[in-house]
Amino acid sequence: MTGGHAVVVDDLVKTFGSFAAVDHISFSVPKGEIFGFLGPNGAGKSTTIRMLCGILTPTAGRGSVAGYDILAEPEQIKERIGYMSQKFSLYEDLTVEENIEFYGGVYGVPGARLAERKRWILEMAALSQRARSLTRELATGWKQRLALGCALVHEPEILFLDEPTAGVDPVSRRNFWDLIYTVARQGVTVFVTTHYMDEAEHCDRLGLIYRGKLIALGSPQQLKERYVAGALLEIRAQPIMAALDLLAQEPGAKEVAVFGAALHVVADSEAAIDPIRRALERGGVSVERIDAIIPSLEDVFVALIEQADQTAAGGGA
Amino acid sequence: MILRIWMVCWKEFVQILRDMRTLAVVVVLPVLMLVLYGYAVNLDVRHVRLAVYDQDRTRESRDLIGAFSRSERFDVVAYLDSDHQVTEALDDGRARIALVIPLRYSANLARGRVVPFQLIVDGSDSTTASTAIGYANAIVQQQSARISLAAVQRAGLAAGGAVIPVDARMRFWYNPELKSANFMVPGLIAIILMMLSALLTSMTVVRERERGTIESLIVSPVMPYELMLGKLIPYVIIAFADVILVIAAGRLLFRVPLVGSPVLLVICSAIFLTAALGIGLLISTISGNQQTAMTIAMMATQLPSMLLSGFLFPINAMPTVIRWLTNIIPARHFLVIVRSIFLKGSGIALLWQPVLLLLMLGVFLLTMCSVRFRKKL
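Computed from a prediction, not measured in an experiment: that's the story for all the values here.

Undergrad: Provide a residue-level description of the overall build of chain B, including the pertinent values.
TA: The helix and strand tally for chain B stands at 14 helices and four strands. Relative to its length of 377 residues, chain B is extended, with a C-alpha radius of gyration of 28 Å against a globular reference of 21 Å. When its C-alpha atoms are laid out on the principal axes, chain B stretches across 95 × 45 × 40 Å. Burial status across chain B gives 36% buried among its 377 residues. A sequence separation of at least 24 residues applies to 79% of the contacts in chain B between residues at least 6 apart.

Shown next as structure tokens:
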């Protein structure tokens, strides 16, 4: 019924008491895509992923995974998905090998095939030398790769990763994303949540969730083009806080945010550079430089979240 | 399905074998408890400290004292010279019971009068006190029978004549020496297994929840009943080893005879274990962390099993409501079974009722577990 879609979500809602953790979201993920689900902590990422995997029951709305209904056919879904949680659901008191064998057995992978999968996982995760080590003795990065391997032992169609890189060092994160690419090249749909912007850049498509609502959807490139209409200016000026106050009153600067040692300003066009520079210098701020830059995903999300906050405040007033 | 149960089972076994703490609990705890309870919870009263204040100081009075001191129930610890000293001896706990023989004891005896004398008992420990009184009574009765017999004989009647018209010859069946151990050890087997089983299984589901592995299990195709069975089986096997360990220790350390069928005992133990482990598993599905699970397991098993199972206090003496309540405590039914098999050698024909009740409790508890553990967070 869903054609080429691995995941379809239609008006999904999850409330905990009066709190709407997921608030009427709809989207779909085509097969074979790396779909990034992005948002700050507590935005509703994990809640959504848990509903899709059948761990949580939705309050309202519908969804399908691998063509099966999340409410009516959770067991069919379970056989076709792999899931890796933030906690790397591994048994620390079992060896690397035993963890793979356990999950393989639970998913009903037959003996001969399991031996083959085990070899593949150990190789992929670079754990062949450590097959007989207790899992608790592994460094976090290795645990993470083993958890990925266990989630893939039954060759799922769709892989759900819930903040898989939380608490992992940058090098391990890099390696981990290489593995995700490998998996995706083999045709597996990857649905990953994260709050790291650099990881978001790796995804084919992104959904941004904020306060339970899906506020943006598209490829990283599309998002950058679509949501920062106008020009993004990077301003280096001293003192920076005085500059921030001045820009807040400057009609040419639509949005202002501190970005490291500089300020990022959204303007209608690059023509706004000169009036802004004059306004700052009039206010006694020494301007080092003002450049038009290509927005990063972070700029996009800061802009989107501010818009969402303003809409919420406007609606509430 | 079988494969998945087996996988859970195997995983659980490996985890238990790698966990020294669990292993220690499994091996050391039952024996330790048996020894502690077996020796400490001893209802036999022996060597009660007796103080004597003999105002009469005659052959007859010494004879009475001798009747006490010859019995191993009483040890004469002091000979006193005044009422004041009697009070002192009881106050400072040197003696638990005082025997006061009045002046003219032997003179009155000779005249064939009823001769009163005093036994003052420290009632602060009522259990010991009432048992001690029982023993004292028996000694006194024997003594008066001998005295009247001697008097009658002196009066010239033939011995063996109908001097004592009614003579109760009491005999205790099943435990002829009234050894506490014979009564306690089979009971202890029930209590120990109950606590141990609940303790062991109460951790298993919570542990998965604490470590986050529960999410992977929920997302996997494992059905709740497969998970519950897979988790239960290793503990049944371990608890079974404990059954044998505790029975063997009871036989060797306390020389408790096993009169009945060992096979029946083993079968009944299996039924009991299912119920006991089921309680632990149920606790595990409802508690948030291992600490809570352990506390609930101790509270839910230890106290009711000790107090309401008939282990220490007879159920017949309890108020009706509580007597009804005792039926939901597995140890209560198992206690009847173990004691009967151990001491009376009862067969299934006499025991089907508690066995059936245990079976029903077990099935009910395991069903509750599977229902409670829905595959959701």
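Undergrad: Before we move on, could you go through the overall build of chain A and cite the residues and values that matter?
TA: Check the secondary structure of chain A and you find eleven helices and 14 strands. Projected onto the principal axes, the alpha-carbon positions of chain A cover approximately 75 × 45 × 35 Å. Across the 317 residues in chain A, those meeting the buried criterion constitute 44%. Long-range pairs, those at least 24 residues apart, make up 69% of the contacts in chain A between residues at least 6 apart in sequence.

Undergrad: Can you break down the interface of chain A and chain B residue by residue, with the values?
TA: Accessible area lost upon the coming together of the parts is a frequently used measure of interface size. Tallying the contact residues gives 22 residues for chain A and 19 residues for chain B. Contributing elements (two or more residues each) for the side of chain A that touches chain B: helix H2 (74–80) and helix H3 (96–106) of chain A. Broken down by element, the side of chain A that touches chain B gets its largest block of residues, four residues, from H3(A). Partitioning the side of chain A that touches chain B into residue classes produces nine nonpolar, six polar and seven charged.

Undergrad: Got a sec to walk through the domain arrangement of chain B? Specific residues and values, please.
TA: Domain boundaries assigned for chain B yield domain 1 (2–42 + 181–372) and domain 2 (48–161). Placing the centre of domain 1 of chain B and that of domain 2 of chain B at their C-alpha centroids yields a distance of 49 Å.

Undergrad: Which residues make up helix H1 (residues 2–18) of chain B, and what are the values?
TA: Owing to its 3.6 residues per turn, the α-helix aligns residues three or four sequence positions apart on the same side. All names here are of chain B. With 17 residues, H1 ought to run about 24 Å at 1.5 Å a step, and its terminal C-alpha atoms sit 24 Å apart, in line with that. Inspection of H1 places Arg4, Ile5, Met7, Val8 and Lys11 among the buried residues, and these make up the whole buried set. The arc that holds every buried residue of H1, seen down its axis, measures 160 degrees, which confines them to one face. In H1, the exposed positions that point more than 90 degrees away from the buried face belong to Ile2 and Leu17.

Undergrad: Got a sec to walk through the pairing of strand E12 (residues 253–259) of chain A? Specific residues and values, please.
TA: As a general feature of sheets, a regular strand has side chains that alternate between the two faces. All names here are of chain A. As paired strands, E12 and strand E13 (residues 262–267) are joined by six bridges and run antiparallel to one another. Note that in E13 the partner of Ala253 across the bridge is Ala267. Between E12 and E13, which pair antiparallel one after the other, the connecting turn spans two residues, and Gly260 there sits at a positive phi close to 65 degrees.

Undergrad: Lay out the nonpolar core in plain terms, naming residues and giving numbers.
TA: A:Leu159, A:Phe160, A:Val190, A:Phe191 and B:Leu193 are the most contacted members of the largest nonpolar core, which has 161 residues in total. Top contributing element to this core by residue count: helix H7 (residues 180–211) of chain B, with 18 residues. Dropping the residues within four chain positions of it, A:Phe191 is found in contact with A:Val7, A:Val29, A:Phe35, A:Phe37, A:Ile49, A:Ile158, A:Leu159 and A:Phe160. If you look at the next biggest cluster of nonpolar residues, it comprises 22 residues, including B:Val45, B:Val48, B:Ile97 and B:Leu109.

Undergrad: How would you explain the environment of A:Arg145 if you had to name every residue and give the values?
TA: Residues and elements named next belong to chain A. Here Arg145 is to be found in helix H5 (residues 140–152). In this structure the C-alpha to C-alpha distance between Arg145 and Leu127, which are 18 residues apart in sequence, comes to 8.7 Å. In this structure, Arg145 is in contact with Ala125, Leu127, Phe176 and Leu179, ignoring residues within four places of it in sequence.

Undergrad: Just give me the short version of the confidence of the model for chain B, but keep the residues and values in it.
TA: Model confidence for chain B is summarised by a mean pLDDT of 83, while 93% of its residues fall at 70 or above. Prediction confidence for the complex, expressed as pTM and ipTM, is 0.74 and 0.78 respectively.

Undergrad: How would you explain unusual backbone geometry if you had to name every residue and give the values?
TA: A cis geometry characterises the amide bond from A:Gln238 onward to A:Pro239, with omega recorded as -15 degrees. Looking at the element boundaries, A:Pro239 is found in the loop between strand E11 (231–238) and helix H9 (240–248). One non-glycine residue, A:Glu163, lies in the positive phi region at around 45 degrees. Looking at the element boundaries, A:Glu163 is found in the loop between strand E7 (158–162) and helix H6 (170–185). A positive phi angle, close to 50 degrees, is found at B:Arg57, a residue other than glycine. Structurally, the position occupied by B:Arg57 is in the loop between strand E1 (48–54) and helix H3 (59–70). The class for B:Arg57 is exposed, based on 11 C-beta atoms found within 10 Å.

Undergrad: Can you explain the sheet that holds strand E1 (residues 5–16) of chain A? Please cite residues and give values.
TA: Pairing is antiparallel in the open sheet, where four strands are placed in the order E2-E1-E4-E5 (chain A). Edge positions in the open sheet fall to strand E2 (19–30) and strand E5 (68–69) of chain A, since each of these has one partner strand only.

Undergrad: Any chance you could break down the packing of helix H9 (residues 224–254) of chain B against helix H14 (residues 348–372) of chain B for me, citing the residues and the numbers?
TA: Residues and elements named next belong to chain B. Relative orientation of the contacting elements H9 and H14 amounts to 130 degrees, with a least axis distance of 8 Å. Between H9 and H14, the angle is such that the two are oblique. In this structure, H9 crosses over H14, and the sense of that crossing is right-handed. Seen from H9, the contacting residues are Pro224, Tyr225 and Met228; seen from H14, they are Leu366, Cys369 and Ser370.

Undergrad: An account of the sheet that holds strand E10 (residues 213–218) of chain A is needed here, citing residue identities and associated values.
TA: Residue and element names in this part refer to chain A. Read from one edge to the other, the open sheet built from six strands follows the order E6-E7-E8-E3-E9-E10, with strand pairing classed as mixed. Among the strands making up the open sheet, the edge pair consists of strand E6 (81–84) and E10. Strand after strand, the sheet turns through a mean of 15 degrees between neighbouring axes, direction not considered. When strand E9 (residues 205–210) meets E10, the two strands line up antiparallel, connected through five bridges. Looking across to E10, one finds that Leu208 is bridged to Ala216. Docked against the sheet, H6 engages strand E3 (34–38), E7 and strand E8 (189–194), running at close to 150 degrees with respect to E8.

Parameters at a glance
Residues numbered from 1 in each chain as written. Chains lettered and ligands numbered in written order. Predicted model: local features only at pLDDT ≥ 70, side-chain atom pairs only at ≥ 80, totals over all residues. Helix = DSSP H or I, 4+ residues; strand = E, 2+ residues; numbered from the N terminus. Rg over C-alpha atoms; globule rule 2.2 N^0.38 Å. Buried ≥ 20, exposed ≤ 12 C-beta atoms within 10 Å, placed from the backbone. Contact = placed C-beta atoms within 7 Å. Nonpolar A, V, L, I, M, F, W, Y, C, P; charged D, E, K, R; others polar. Domains from an automatic or database assignment. Expected span 1.5 Å × (residues − 1). Arc of directions from axis to C-beta. Pairing = 2+ DSSP bridges. Core = buried A, V, L, I, M, F, W, Y, C linked by C-beta atoms within 7 Å. pLDDT = per-residue confidence, 0-100. Axes fitted to C-alpha atoms, helices over the stretch in contact; angles between N-to-C directions. Parallel < 35°, antiparallel > 145°, perpendicular 65-115°, else oblique. Left-handed = near helix turned anticlockwise from the far one by under 90°.

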